[in-house]
Each structure stands twice: as C-alpha cells, then as structure tokens.
Protein chains: 2
Amino acid sequence: MSERPHVPLGPGVEFDTVRRLLEQWGPHARGTGDDAAVLDVPVGRRLVASVDTAIENVHFRRAWITPSEIGYRAVTAALSDLAAMGAAPLGVLVAFVLPEPWRERLPEIAEGIGMAVADADTLVLGGNLSTGAELGITTTVLGHADRTLRRDAMRAGDHLYVTGHLGGAGAALAAFLAGRAPTPEHRERFTRPVARLAEGQWLLAHGATAAIDISDGLAADAAHLAAAARAGVELVLADLPLVAGVRARDALASGEEYELLVAAPQPLDTDAFAAAFGTPLTHVGRVVDAHPGEAVVTDGGRRVAGGRGHDHFQG
Amino acid sequence: MSERPHVPLGPGVEFDTVRRLLEQWGPHARGTGDDAAVLDVPVGRRLVASVDTAIENVHFRRAWITPSEIGYRAVTAALSDLAAMGAAPLGVLVAFVLPEPWRERLPEIAEGIGMAVADADTLVLGGNLSTGAELGITTTVLGHADRTLRRDAMRAGDHLYVTGHLGGAGAALAAFLAGRAPTPEHRERFTRPVARLAEGQWLLAHGATAAIDISDGLAADAAHLAAAARAGVELVLADLPLVAGVRARDALASGEEYELLVAAPQPLDTDAFAAAFGTPLTHVGRVVDAHPGEAVVTDGGRRVAGGRGHDHFQG
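Attention in this report is confined to the structure presented alongside it. Keep in mind the model is a prediction, meaning the values are calculated, not measured. (Residues numbered from 1 in each chain as written. Chains lettered and ligands numbered in written order. Predicted model: local features only at pLDDT ≥ 70, side-chain atom pairs only at ≥ 80, totals over all residues. Heavy atoms only, no water.)

## Here we look at the overall build of chain A
And then number 1: Across its full length, chain A carries 9 helices and 12 strands.
And then number 2: For 315 residues, the compact-globule estimate of 2.2 N^0.38 gives 20 Å, and the C-alpha radius of gyration of chain A, at 20 Å, lies within 12% of that figure.
And then number 3: In terms of overall dimensions, chain A has C-alpha extents of about 65 × 50 × 40 Å along its principal axes.
And then number 4: Sorting the 315 residues of chain A into buried and exposed places 63% on the buried side.
And then number 5: Here chain A has roughly 10,800 Å² of accessible surface; of this, 51% comes from carbon and sulfur atoms.
And then number 6: Treating the 27 positive side-chain charges of chain A as one cloud and the 39 negative ones as another, the clouds have centres 4 Å apart. (Helix = DSSP H or I, 4+ residues; strand = E, 2+ residues; numbered from the N terminus. Rg over C-alpha atoms; globule rule 2.2 N^0.38 Å. Buried < 20%, exposed > 50% of the residue type's maximum accessible area, 1.4 Å probe, protein only. Areas by Shrake-Rupley, 256 points an atom, 1.4 Å probe, with all protein chains shown as cover. Lys, Arg positive; Asp, Glu negative; His and termini not counted. Charge placed at Lys NZ, Arg CZ, Asp CG, Glu CD.)

## Structural notes on helix α5 (residues 184–191) of chain B
And then number 1: If you check which residues of α5 of chain B are buried, you get His-186, Arg-189, Phe-190 and Thr-191 of chain B.
And then number 2: The inward-facing, buried residues of α5 of chain B contact α2 (67–83) and α4 (168–177) of chain B. (Contact = heavy atoms within 4.5 Å.)

## A word on the pattern of salt bridges
And then number 1: Counting across every chain of the model gives 30 salt bridges over all chains.
And then number 2: For Asp-40 of chain A, the salt bridge is made with Arg-46 of chain B, and the minimal N-O distance between the two is 2.9 Å. Placement of the pair is Asp-40 of chain A in the loop between β1 (37–39) and β2 (46–55) and Arg-46 of chain B in strand β2 (residues 46–55), with the two residues belonging to separate chains.
And then number 3: With a shortest N-O distance of 3.2 Å, Arg-189 of chain A and Glu-259 of chain A are connected by a salt bridge. (Salt bridge = Lys/Arg side-chain N within 4 Å of Asp/Glu carboxyl O.)

## So, the nonpolar core
Side chains of a nonpolar character, in soluble globular proteins, are inclined to be buried together.
And then number 1: Residues Leu-79, Phe-96 and Leu-203 of chain A are the most contacted members of the largest nonpolar core, which totals 60 residues.
And then number 2: The leading source of residues in this core is helix α2 (residues 67–83) of chain A, at 8 residues.
And then number 3: The residues that make up this core include at least three from each of domain 1 (11–145) and domain 2 (159–308) of chain A.
And then number 4: For Leu-79 of chain A, the contacting residues outside a window of four places in its chain are Pro-89, Val-92, Ala-116, Ala-120, Thr-122, Val-141, Ala-195 and Leu-197 of chain A.
And then number 5: By size, the runner-up hydrophobic cluster in this structure holds 59 residues, among which are Val-48, Leu-135, Leu-204 and Ala-264 of chain B. (Core = buried A, V, L, I, M, F, W, Y, C linked by side-chain atoms within 4.5 Å. Domains from an automatic or database assignment.)

## Digging into the pairing of strand β10 (residues 281–288) of chain A
Residues and elements named next belong to chain A.
And then number 1: Counted residue by residue, β10 has 6 buried out of 8 residues, so it is predominantly covered.
And then number 2: Sheet topology places strand β6 (residues 159–163) next to β10; 5 bridges connect them, and they run antiparallel. Note on β10: the bridge partner recorded for Val-162 is Thr-282.
And then number 3: Bridging between strand β8 (residues 232–236) and β10 involves 4 bridges; their strand directions are antiparallel. Bridging from a neighbouring strand, Val-233 pairs with Val-287 of β10. (Pairing = 2+ DSSP bridges.)

## So, the sheet that holds β2 of chain B
And then number 1: Across the sheet, which stays open at both edges, the 5 strands sit in the order β1(A)-β2(B)-β5(B)-β3(B)-β4(B) with mixed pairing between neighbours. The two strands at the open ends of the sheet, each matched to only one other strand, are β1 of chain A together with β4 (124–131) of chain B. Between one strand and the next, the sheet's axes are offset by a mean angle of 15 degrees, whatever the strand orientation.
And then number 2: Sheet topology places strand β3 (residues 88–98) of chain B next to strand β5 (residues 136–145) of chain B; 9 bridges connect them, and they run antiparallel. Along β5 of chain B, the bridge assignment pairs Val-92 of chain B with Val-141 of chain B.
And then number 3: Sheet contacts for α2 of chain B: β2, β3 and β5 of chain B; angle to β5 of chain B, the most-contacted strand, approximately 35 degrees. (Axes fitted to C-alpha atoms, helices over the stretch in contact; angles between N-to-C directions.)

## A few points about the packing of α2 of chain A against helix α5 (residues 184–191) of chain A
Residues and elements named next belong to chain A.
And then number 1: Where α2 contacts α5, the two axes come as close as 9 Å, and the packing angle between them is 55 degrees. In terms of orientation, α2 and α5 fall into the oblique class. Mapping the contact onto sequence places Glu-69, Tyr-72 and Arg-73 in α2 and Arg-187, Phe-190 and Thr-191 in α5. (Parallel < 35°, antiparallel > 145°, perpendicular 65-115°, else oblique.)

## So, the environment of Arg-147 of chain A
All names here are of chain A.
And then number 1: On the secondary structure map, Arg-147 appears in the loop between β5 (136–145) and β6.
And then number 2: Sequence-wise, Arg-147 and Ala-238 are 91 residues apart; in three dimensions their C-alpha atoms are separated by 33 Å.
And then number 3: Ignoring anything within four residues of it in the chain, the contact list for Arg-147 reads Met-85, Leu-204 and Ala-205.
And then number 4: A polar atom in the side chain of Arg-147 sits 3.2 Å from the backbone oxygen of Leu-204. (Polar contact = N/O pair within 3.5 Å; in protein donor to acceptor, adjacent residues only side chain to side chain.)

As structure tokens, this is what we get:
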C-alpha cells in the first residue's frame, strides 16, 4: 500500500497499521512497499476503472451492520461497477478515512474487505489511511475487458433481464429505518450483496449489449438506461424475480441490490445462466420505441408506474 | 463519471452536478456515461496505480487556502505518487465527499482540479459524488511505465538528489498554524505544489533507481528509503536546496513538498536536468553501509540529526 502519513496519526502508527492490514489479508493483498501499485493489464485487453465511496450515516449506520459487513459491502458495491461493464477484476485500492473511535475496529472492517476480494477472486493492490471525523471507505476498482457492456447500447426490441432476486436490500433498509430487525434473508441481501462479475462477463459473451448494476432500484436504473439509449423501457411487474416476503412494487424501488439489469437484442439462454451460476436470469421487459428516455412499468397491460431517467454523462 | 447517488443528494441533483463538472472540465475530462472508465494502457507498458485522500481539517483548513487550491493540491499530491515511480499519467478518478455547505463551492474545487490535471497533461477519467459531514477528496491516479523507480532499490555508494527547492511548504504551514500570513512564495509552494511527473520519467531514464516523493519531510522520507533498502543515508545539511527565507534544518522537516528524492548509482547530469525542467536537481548526500535503516544529517562532518525509517510494506 502507498499512503501519506499525517500528523494526527503519525508515520509509525500508520505504517504499523498498514503492515497489520497486509498480514491480515495475506494472499488477498499485494503490498509492494512502493508509492504505487504496479500491475499488468493482459495483452489485448482494455483497462476498466471506477471508484465508489461508502460513508457512515449516508450509506449505512453503525447500529445496522457490523464493521466486517461495512467493509464487505463497500468493496462489493464498487466491484459491482466492473460487473456492469462485463469486466474481469484486476484488484482494488482502498482509501480509509478513520475517526479515532473506529481505529480499533479496523481489523474487523479489513476482515470484510478480505472476504469481499476473496469472493470476487481478486486482490487488494493498495490503499491509503487518513484520519477524519467520519468513517469513509473509498474503493477504486481496476479491471480488464476486450469490449464492454454499455449503458447506451440498448435498442428498441431488445429484451431486458435481471440477475438474481430483487427486493431484499430494500426490505432490510425499510426494517432498519423502522427500528425493526429485518429477516435474516433480507438482512443478508443488504449486508452481503454479490458483485455479479462472472455473470457480467458471461452475459457480455452471450449476447447482452447494455447493462447497469441496480443501485437506485430497478425502475430508476431502467430509466437511466432508457435515457442513455434515448429509447423507452417497459417492465412487466408480474415478471420481477422477488426475494421471499417482498412485494413487486417494493422490489421496483429497492436500491443497492447490485444485481445486473441487461439488454440483449436476442433472447438469452436463461437456463444456461441458471445452471452456470445457481441464480436466475429473468426476462423482465422490453425496450420500445415509445416514450423515449422513460421506464414504464405495466401490470396486466396497464401502466402502473413510470419515470424519466437521467442521461448525465454526455458532458 | 460513474457515481452512485444517495438519498440525501438525489439522483437528479447528483446527475446535474456531474454534468456541470464535465462541462466545466471540458477537454480535461472524459465522461463516458458508463459505470466505469475504459482506457488503454500502451502496449508493452505496465499499469501504475495509487490513491490519496485529502480531508478538511486534517490536510488543510478552509481558512488557509481557497477551494480551487484545495482541489489543485489534492490531485497534485496524488499525481506525485506516479512521479515517484517514474510513471507517465493516464488519468485520475476523483471521489468527492461534499457536506451541504460545500456544495456551492464545488465549481471552485473543480476549477483547481482542472488546472492540476491540465498542468500534469492528463485527464479526469471518472469519479464519485457523495454527501458527508466533512469535505474529502480521494484521488486515484492511473499511469503507465515499462519499469519503475522503487523505494527499496538504493545501494551503498549511491548518490542522493532532490528536485526543486525545499522548505516553502513547511514555512507556509508554520505561518498558517501561527496565525500569520505566509510569504507569497511560501504560500505558493503549499497551495500549488508540482507533481514532478516529467522529471521522474527523466530521472528513471537517466540512471536513477530509487525514489520517493517528499511528503513527510526530506529527513523522514530519506529514512523511509533507508529502511526499505536496509542501507544508511547521509544527507549534508549545507547542500540542501532551499526556498528563500527557509533555514536548512526547517527544510529537512518540511512535509508535503512533493519534490522527489532519488538515488542513483552513478552521478546524474544536474545541468541537463536543470536545462530540461528549469528547476534544479541537487546532490544532497550518499547511501552508506553504516547505520542501516537510518537517515543521518551531517553539518561540517558532524552528525546533527538522525532518524530511523519505517519499512512498512513487507507484510
């Protein structure tokens, strides 16, 4: 790891902390001792890079989840952006902002990060430690691909699919916010999301062209795709794959799922997907010429919800 | 830019903010509209990656420097890690944590970031926006190199050099902390450091083998090199290149300089360096067999300071 020590922490304390992190992560980290990590992008592949931040009391509350789950979730959410590109991971850089009261919990946070990179079959390549007033984990993910899934690639007529089951993360969040304990299954969906990395690569290889990972909720993320492609999206409420105990309308709005929503010009082999990954790939709608930039949800042919997306990247 | 919107900000506000940032940066940013940036590492080159965080009241205080300077300094400090590797920049990802009162100053922060990437002849490739309680800027730098300068590569007998002039950043910090206004020159060294990117590549090409960018102060960073190489370092106090108005002993401890300290087995051509970059390259000492892991400072042959480094990366 490279880091820049600061007065409040002191080089000695910081270096000892980094050494302990590297020892703890063992084969799941690569500490080079240099100012930066050096690695190879496989020949013929492009570099894919993204960054994501998790902040206490913005993305999670300490009362809801354990330090290990905080680490797991922060890194998995970042890796999910690689999944949405159909990219394979090269590794992650993790920049911590650690208030003094959190310092003694760092080994637990690191434990969760180690599990997340192990589950994604990747490595911690570097990072940074800083003091600060609130806990923050900023994860940079590096990956590679020869071509990628895109947000703007879907076309009218495309089929829309989602991976996994939706609604668990939102149900857990609703329970947390109401002061109730979520069911174990819902809690698990919130605390241990899955970055669909192998799934994203499979989908790209098998004909998917556009994808987004579901962070704002299926309906909102479908609208983002619609806006990027300037096409309309129609989702069929009754077709949504639901986590047990979740209503379809709640699943539409359930954010931080980190499942993939993909578009494909030809039908995808959902049986082969399920056999390969042990989780379903479900047809949930179509891309249409009508209402460009909007995602409409139908139930029995009637429009029951709709929203306009944000095409925010054409600057 | 890829980003993950959060409830307190709202997708619309966040997307509008990102669009404005991309417009503001113009040719100094590349917004892909996707979940991640996709770029090419030149054939035959390795990827070099590092991350660095700047937090309000840890790395700077609002009363000291302008929002533009905060942005400039944060990104330049991160780029400096590429310089210390002898790597060429590919671009940066910038993750902001923005408290509500800072939101209206974001264009000014972004202005400084735009100047920093322009000065480094590189690009903003992506980023993230989050709310939070304190301003934070986490910059991931991506670069490329065929081989790199290393922290652990110096050997007894090597010559030690530093780029530029030392002490200005420390003098400015001392003035700020004492409630005084620093001199314009000292202030400029604190607010507008230089990432010695071209210099680092030149030094690598011309025989330097080990390097570190000066963030903790020359003496401390020399000790870090000494620890990594398990060799001793001797710095000659009278030889230090000083910013006007700074004493040599203060320059030794002046941190956040972002000048490079390099080791080379053979003498480097300091005239050619100065001609190429308009800033000096100064011989400041030698690597020795004695006192391994320690950086000693001599004045008239007498030891006047010494400190042990941290070999913190061998975990």
